[in-house]
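# Coordinates in review
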Amino acid sequence: MVKSFQFEDGARTYTCTLEPSRTAKGQAWWWFGVSGDAQRYAPFMSATGDTQTTVRTRIVEYYNNVLVRRAMPPAPRHHWSGRPKAAVTPPPTEA
């Protein structure tokens with residue numbers, strides 16, 4: 001299994017590394033960074049049989065989905081103070 005590699009896809013350069021988990025011993029995660037993006041991502045645990053081709057495919061697909069989600073407008077968030085007031089009914093009058 002490869003521990004780190006770099007590849008280009010489109011106009012982006014991806015740098016991938018396999019790093020041990022900080023919390024679970026014996027597990028490792030694929031971390032990657034993309035040129036032009038300051039964020040680092042760790043979307044996948046390593047699996048038996050990982051190759052550069054399989055990891056590359058998963059990473060490019062994951063990052064393309066990240067870009068699609070970023071381009072979407074934010075979901076509306078309603079604040080509790082904006083909810084409609086309950087209708088007030090007057091007390092019954094005695095006749």
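Residues numbered from 1 in each chain as written. Predicted model: local features only at pLDDT ≥ 70, side-chain atom pairs only at ≥ 80, totals over all residues. Heavy atoms only, no water.

## A closer look at the overall build of the protein chain
The cut-off we apply is this: Only DSSP runs of H or I covering at least 4 residues are called helices, and only runs of E covering at least 2 are called strands; the numbering of each starts at the N terminus. In this treatment the radius of gyration is a C-alpha quantity, and the globule benchmark scales as 2.2 Å times the residue count to the 0.38 power. Residue burial considers only the protein chains on display, and all accessible areas are found by Shrake-Rupley using a 1.4 Å probe. Charged residues are defined narrowly, with Lys and Arg counted positive, Asp and Glu counted negative, and His plus the chain ends left uncounted. Note that the charge is assigned to NZ on lysines, CZ on arginines, CG on aspartates and CD on glutamates.
Assigned secondary structure in the protein chain consists of one helix and four strands. For 95 residues, the compact-globule formula gives about 12 Å, and the C-alpha radius of gyration of the protein chain, at 25 Å, lies well above that figure. Along the first, second and third principal axes, the C-alpha set of the protein chain runs to 90 × 35 × 20 Å. Taken as a whole, the protein chain presents about 7700 Å² of accessible surface, with 56% of it coming from carbon and sulfur. One finds the centroid of the 12 positive side-chain charges in the protein chain at a distance of 5 Å from the centroid of its 7 negative side-chain charges.

## Points about the pairing of strand β3 (residues 28-34)
As a reminder of what qualifies: Three exposure classes are used, based on accessible area relative to the maximum for each residue type with a 1.4 Å probe and protein chains only: buried under 20%, partly exposed in between, and exposed over 50%. For two strands to be treated as a pair, DSSP must find no fewer than two bridges joining them.
For β3, the tally of buried residues reaches five of seven residues, placing the bulk of the element in the interior. Of the pairings in the sheet, the one linking strand β2 (residues 12-20) to β3 comprises seven bridges and is antiparallel in character. Bridge assignment links P20 to a residue of β3, and that residue is A28. Where β3 meets strand β4 (residues 37-45), five bridges bridge the pair, whose relative direction is antiparallel. Residue pairing for β4: W30 is matched across the bridge by F44.

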